[in-house]
Number of protein chains: 2
Amino acid sequence: MVNHLAIVGATGAVGQEVLSLLSQRKTRVGQTSLLASARSVGTELALDGRMIPVRELTDASFEGVDCAIFSAGAERSRRFGPIAASAGALVIDNSSAFRMEPEVPLVVPEINPGDLKNHRGIIANPNCSTIILAVAVWPLHRANRVTRIVVSTYQAASGAGAAAMEELRTQSGEFLGGKPIVPKVFPHPIAFNLFSHNSAIGSDGYNTEERKLIDETRKIFHEPHLPVTATCIRVPVMRAHSESINLTFERPMSPDEAREILRGAPGVEIVDDAAGNRFPMPIEASGRDEVLIGRIRQDASHPDRRGIDLFVSGDQLRKGAALNALQILECLTLDSR
Amino acid sequence: MVNHLAIVGATGAVGQEVLSLLSQRKTRVGQTSLLASARSVGTELALDGRMIPVRELTDASFEGVDCAIFSAGAERSRRFGPIAASAGALVIDNSSAFRMEPEVPLVVPEINPGDLKNHRGIIANPNCSTIILAVAVWPLHRANRVTRIVVSTYQAASGAGAAAMEELRTQSGEFLGGKPIVPKVFPHPIAFNLFSHNSAIGSDGYNTEERKLIDETRKIFHEPHLPVTATCIRVPVMRAHSESINLTFERPMSPDEAREILRGAPGVEIVDDAAGNRFPMPIEASGRDEVLIGRIRQDASHPDRRGIDLFVSGDQLRKGAALNALQILECLTLDSR
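Owing to the predicted nature of the structure, the values given are computational and were not obtained by experimental measurement. By convention here, each chain's residues receive numbers from 1 onward along its written sequence. Both sets of labels track the order of writing: A upward for chains, 1 upward for ligands. A pLDDT threshold of at least 70 governs which residues receive local features in this predicted model, and a stricter bar of 80 or more applies before side-chain atom pairs are shown or counted, although totals over entire chains, interfaces and linings include all residues. Note that water and hydrogens are dropped before the side-chain values are worked out from all heavy atoms of the structure.

## Overview of the interface of chain A and chain B
Point 1. At the interface, 59 residues of chain A touch 59 residues of chain B.
Point 2. When chain A packs against chain B, close to 4800 Å² is buried across both sides, 57% of that on carbon and sulfur atoms.
Point 3. A salt bridge links arginine 295 of chain A to glutamate 210 of chain B; the shortest N-O distance between them is 2.6 Å.
Point 4. Between N or O atoms, a polar contact is any pair within 3.5 Å; within protein, one atom must be a potential hydrogen donor and the other a potential acceptor, and residues adjacent in sequence are included only when both atoms are from side chains. Summed over the shared surface of chain A and chain B, the number is 34 residue pairs in polar contact (both at pLDDT 80 or more). Here a residue-residue contact requires only that any non-hydrogen atoms of the pair lie within 4.5 Å. As a working definition, buried area equals the accessible area (1.4 Å probe) given up by two parts on being put together, with both sides summed. What counts as a salt bridge is simple: a side-chain nitrogen of Lys or Arg found within 4 Å of a carboxyl oxygen of Asp or Glu.

## Looking at the sheet that holds strand β6 (residues 90-93) of chain B
All names here are of chain B.
Point 1. The pairing criterion is simple: DSSP has to find at least two bridges between the two strands. For the purposes of this entry, the term helix denotes a DSSP run of H or I that reaches at least four residues, the term strand denotes a run of E that reaches at least two, and both are numbered from the N terminus. One open sheet holds the seven strands; their spatial order is β3-β4-β2-β1-β5-β6-β7, and the pairing between them is mixed. With partners counted over all chains shown, the strands left at the sheet margins are β3 (44-47) and β7 (122-124), one partner each. Across the sheet, the mean angle from the axis of one strand to that of its neighbour is 30°, orientation sign disregarded.
Point 2. Packing of helix α1 (residues 13-25) onto the sheet brings it into contact with β1 (2-8), β2 (29-36), β3 and β5 (67-70), and relative to β3 it is tilted by some 30°. Between N-to-C directions, angles span 0 to 180 degrees; the directions come from axes that are lines fitted to C-alpha atoms, helices contributing only their stretch in contact.

## Focus: the packing of helix α3 (residues 128-143) of chain B against helix α5 (residues 208-221) of chain B
Two measures define how a pair of helices packs: the angle their axes make with one another and the distance between the axes.
Residues and elements named next belong to chain B.
Point 1. Interhelical geometry of α3 versus α5 gives an angle of 40° and a closest axis separation of 10 Å. The angle between α3 and α5 places the two elements in the oblique class. In the packing of α3 onto α5, the handedness of the crossing is right-handed. Residues Ser129, Thr130, Leu133, Ala134, Val137, Trp138 and His141 of α3 lie in contact with α5, whose contacting residues are Glu209, Lys212, Leu213, Glu216, Thr217, Ile220 and Phe221. Here the angle decides the label: under 35 degrees means roughly parallel, over 145 means roughly antiparallel, 65 to 115 means roughly perpendicular, and every other value means oblique. Left-handed describes a crossing whose near helix is turned anticlockwise from the far helix through less than a right angle; right-handed describes the clockwise counterpart.

## Some details on the domain arrangement of chain A
Residues and elements named next belong to chain A.
Point 1. Here chain A is partitioned into domain 1 (2-126 + 321-335) and domain 2 (130-316).
Point 2. Boundaries of every domain are those given by an automatic assignment or by a domain database. Centre-to-centre separation of domain 1 and domain 2, based on C-alpha positions: 25 Å.
Point 3. Buried area between domain 1 and domain 2, both sides added, is near 1600 Å², and the carbon and sulfur share of it is 64%.
Point 4. For the interface between domain 1 and domain 2, the tally reads three salt bridges.
Point 5. Residues glutamate 17 and arginine 239 are paired through a salt bridge, measuring 3.3 Å at the closest nitrogen-oxygen approach.
Point 6. Across the contact surface, domain 1 and domain 2 share seven residue pairs in polar contact (both at pLDDT 80 or more).
Point 7. For the side of domain 1 that touches domain 2, the elements supplying multiple residues, two or more each, are α1 (13-25) and α8 (318-336).

## Considering the pattern of salt bridges
Residue and element names in this part refer to chain A.
Point 1. Within the structure shown, the criterion is met by 48 salt bridges over all chains.
Point 2. The salt bridge involving aspartate 315 is made with arginine 239; its shortest N-O contact spans 2.7 Å. Placement of aspartate 315 in strand β15 (residues 307-315) and of arginine 239 in the loop between β11 (233-234) and β12 (240-249) is noted, with a sequence separation of 76 residues between them.
Point 3. Residue exposure (1.4 Å probe, protein chains only): buried if accessible area is under 20% of the type maximum, exposed if over 50%, otherwise partly exposed. Aspartate 315 sits in the buried class, given a relative accessible area of 0%.

## Thoughts on the environment of proline 82 of chain B
All names here are of chain B.
Point 1. Following the sequence through the fold, proline 82 ends up in helix α2 (residues 74-86).
Point 2. The exposure class of proline 82 is partly exposed, given its relative accessible area of 35%.
Point 3. With 39 residues separating them in the primary sequence, proline 82 and glycine 121 have C-alpha atoms 8.3 Å apart.
Point 4. Beyond its immediate chain neighbours, meaning those up to four positions away, proline 82 contacts Ser77, Phe98 and Ile122.

## As for the nonpolar core
When a protein is soluble and globular, its nonpolar side chains tend to lie buried together.
Point 1. Side-chain atoms within 4.5 Å link the members of a nonpolar core, which is a set of buried Ala, Val, Leu, Ile, Met, Phe, Trp, Tyr and Cys residues. Of all hydrophobic cores here, the largest spans 57 residues; its most connected members are Phe62, Ile149, Ile245, Leu247, Ile293 and Leu310 of chain A.
Point 2. Here this core gets nine residues from one element, more than from any other, and that element is helix α3 (residues 128-143) of chain A.
Point 3. Both domains that meet at this core, namely domain 1 (2-126 + 321-335) and domain 2 (130-316) of chain A, each give it at least three residues.
Point 4. Membership of the second largest hydrophobic core comes to 56 residues, among which are Val8, Ala136, Val151 and Val268 of chain B.

## Observations regarding the environment of glycine 264 of chain A
Residue and element names in this part refer to chain A.
Point 1. Mapping glycine 264 onto the fold places it in the loop between α6 (255-263) and β13 (268-270).
Point 2. We classify glycine 264 as exposed; its relative accessible area is 65%.
Point 3. Separated by 125 residues in the primary sequence, glycine 264 and proline 139 have C-alpha atoms spaced 8.9 Å apart.

## Looking at the relation of the copies chain A and chain B
Point 1. Of the two same-sequence chains, chain A is brought onto chain B (RMSD 0.0 Å, axial shift 0.0 Å) by a rotation of 180°. Overall, the copies show the geometry of a two-fold rotation axis.
Point 2. Most of the interface of chain A is mirrored in chain B, where 100% of its interface residues are also at the interface. Overlaid copies result from least-squares superposition on C-alpha atoms, with residues included only where pLDDT is at least 70 in both.

## Some remarks on the packing of aromatic side chains
The geometry of two aromatic rings is summed up by the distance between their centres and the angle between their planes.
Point 1. Aromatic rings from Phe, Tyr and Trp, taking only the six-membered ring of Trp, are treated as a pair when their centres fall within 6.5 Å; an angle between ring planes under 30 degrees marks them as stacked, one over 60 as edge-to-face, and anything in between as tilted. In this structure the tally under the stated criterion is eleven aromatic pairs over all chains.
Point 2. The structure contains a cluster of three or more aromatic residues connected by ring pairs, namely Tyr154 and Phe311 of chain A together with Tyr154 and Phe311 of chain B.
Point 3. For a ring to carry a charge above it, either NZ of a lysine or CZ of an arginine must fall within 6 Å of the ring centroid while also lying within 35 degrees of the normal to the ring plane. Taking NZ or CZ as reference, arginine 295 of chain A lies 5.4 Å from the ring centre of phenylalanine 279 of chain A, over its face.
Point 4. Just above the ring of phenylalanine 80 of chain B sits the side chain of arginine 79 of chain B; from NZ or CZ to the centre is 4.4 Å.

## Points about the side chain of histidine 188 of chain A
Point 1. Looking at the secondary structure, you find histidine 188 of chain A in the loop between α4 (162-176) and β9 (195-196).
Point 2. Of the polar contacts made by the side chain of histidine 188 of chain A, one reaches the backbone oxygen of asparagine 277 of chain B; its length is 3.0 Å.
Point 3. Among all residues touching histidine 188 of chain A, those that are not within four sequence positions of it are Pro183 and Phe195 of chain A together with Asn277, Arg278 and Met281 of chain B.

## Considerations on the sheet that holds strand β6 (residues 90-93) of chain A
All names here are of chain A.
Point 1. A sheet is described by the order of its strands in space; here seven strands give the open sequence β3-β4-β2-β1-β5-β6-β7, paired in mixed fashion. Edge positions in the open sheet fall to β3 (44-47) and β7 (122-124), since each of these has one partner strand only. Strand-to-strand, the axes of this sheet are offset by a mean angle of 25°, without reference to chain direction.
Point 2. Of the strand pairs in this sheet, strand β1 (residues 2-8) and strand β5 (residues 67-70) are connected by four bridges, and their pairing is parallel. Considered in β5, the bridge of isoleucine 7 is made with isoleucine 69.
Point 3. Of the strands in this sheet, β1, β2 (29-36), β3 and β5 are in contact with α1, which crosses β3 at around 30°.
Point 4. Contacts from helix α2 (residues 74-86) reach β5, β6 and β7, with the element oriented near 175° to β5.

## Quick look at the confidence of the model for chain A
Point 1. In predicted models, pLDDT denotes the confidence assigned by the predictor to each residue on a 0 to 100 scale. The predicted model of chain A averages 96 in pLDDT, with 99% of residues at 70 or higher.
Point 2. This prediction of the complex comes with two scores: 0.96 for pTM and 0.96 for ipTM.

## Describing the side chain of glutamine 298 of chain B
Residue and element names in this part refer to chain B.
Point 1. Within the element layout of this structure, glutamine 298 appears in strand β14 (residues 291-298).
Point 2. There is a polar contact of 3.1 Å between the side chain of glutamine 298 and the backbone oxygen of arginine 305.
Point 3. At 3.1 Å, the side chain of glutamine 298 and the backbone oxygen of glycine 307 are in polar contact.

## Describing α3 of chain B
One turn of the α-helix equals 3.6 residues, which is why residues spaced by three or four share an orientation.
Residues and elements named next belong to chain B.
Point 1. Along its 16 residues, α3 runs 24 Å from first to last C-alpha, staying within 8% of the 22 Å computed at 1.5 Å per residue.
Point 2. The axis of α3 is deflected most strongly, by about 40°, at valine 137, and proline proline 139 appears within four residues downstream.
Point 3. In terms of burial, α3 is largely enclosed, as 14 of its 16 residues are buried.
Point 4. The N-terminus of α3 is capped by asparagine 127, whose side-chain oxygen sits 3.0 Å from the backbone nitrogen of serine 129. Expected span, for any helix, means 1.5 Å times one less than how many residues it has. Values of bend correspond, residue by residue, to the angle between axes fitted over the seven residues ending at that residue and the seven starting there.

## Topic: the pairing of strand β12 (residues 240-249) of chain B
Residue and element names in this part refer to chain B.
Point 1. In terms of burial, β12 is largely enclosed, as ten of its ten residues are buried.
Point 2. Alternating residues of β12 divide into Ala240, Ser242, Ser244, Asn246 and Thr248 and His241, Glu243, Ile245, Leu247 and Phe249, and every residue in both groups is buried.
Point 3. In this structure, strand β8 (residues 146-154) lies alongside β12, joined through eight bridges in antiparallel fashion. The residue of β12 that forms the bridge with isoleucine 149 is leucine 247.
Point 4. One ladder, built from nine bridges, connects β12 with strand β15 (residues 307-315); its direction is antiparallel. In the sheet register, asparagine 246 faces β15, and the bridge partner there is aspartate 309.

Have a look at this one:
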């Protein structure tokens, strides 16, 4: 068990989800500290029926802490993550701060739990879109090497935090009421609209979110040269991300074979009812641990049957963030029992 | 000019757009008849400031009509299209009824206007998603043969008609008000959700919408074996469709070359501001004639620079339907002057 767990960014969308999952999963934790910026001090959050006060995140916050789950953005992770690790806390970091550092394991427990043993105090939780892609593709890749991934995302407002979800609500009401829309959290209107993920565009034309999807998938799969291209789009959905995934395999792969492999795979559920026209949808993936997978079909553009198309939805706050972090914690505490 | 134009399905979303474009484009038309089902009789619609009564669509509706634009669904086109053609009217059909018949030209005027001359009384207007894809890809294909297309769509409610747009509004209000959502037009909730296009799934695993995208693009391009795979998704957007398009070319193609080719191409506008993070968005494509194209970049999964990724938005009711039909009409009437 964990004697003293710190949740950094406790008041954010991911932090709240960590709290809710801690109760549901009965993760064995002695003491829990909730840490956030000064403006959240005074807030109390519920954990297992008890109210816990939020304390300010400072250099001194990690004394006696065994494990700290960071979900407060890359800047705070870069500033406070090394301090927490030096104080002896195992850091599980939800931000992008350390993911691509060679000595930091980047882990999806269903895929590469073995990488955890190499940690030096900091473990990185992958980007939400990456986790959802990786959980769906890994079982197939293990059976028949994937030689190319073309992915287009349909990303929910939750990926940009609680304020972005609130903006989607507010703007939608304004639009329906015929009022003018003034974007604040997102740079463009999100209500009844969609747009290219608003992260910085690199010299290669990919935005940071797409780069994460490409580079993190390669690192998690231990396939440093896996050909991946990604297009990341924000859509007016509240909290689960969806992805249209086109896969090329080394050898032919039939939809039945893919279905059979995925049926036995951890962390996924097949929702692929062609007769009833029922496939993965974000409202059904929300609040679920599993990544929903459907529209499993032979890619007609590959005459040699080496292509498979998929459509998936996964809860961005759960498996895409909080759940994966807790699963990492559980892997480590089970090992040390 | 057209002496007598009939608009079949005048009260629908596409019919209304045809009326609005007729005024804006100053298409030279003598008399206009508005036809719809019996329940719309009594309605009057505005054209160029005059109110025109809607009449019931019957077998006798096409006497003296030169041209009939059908936007009333495939069933009505199959029933009344041949009657209109027999009565001497040139039929421009927005439905899927005749698109794949070998003797029916399927035309996007920017691409294959030459096919119009082979008509035998009926000309088919392609599916909205197909037109938007085709207009964006054709100029590149002509310069450097496209050998594979992987496309994922983000389709607006408008594609399912005016009632579907109203359902998106109503459901969004219900969701925001905490009321239960009861889908009527769509089989699944559309507010703050998305789902696989709800057309029938074939034995190959593709739905009808995806089949249209694949088969119609091949017919318009005169490339009967062009490798295309498509995933069609309905999103909670009001009226413009977006598409994430991955292209493979016969020879290397750089983003600059692609941009240069598209800059001079008809029917498209480049919206590709990486520094300002401004790319095609459905709210900006709505009400526009051009298909907006952006996120033009080298596909990193092709080491030999033969891949290009694009993201496009186009007004589904305009270029995706009404505008393309009127452009076909204009091609034919200009020819016969």
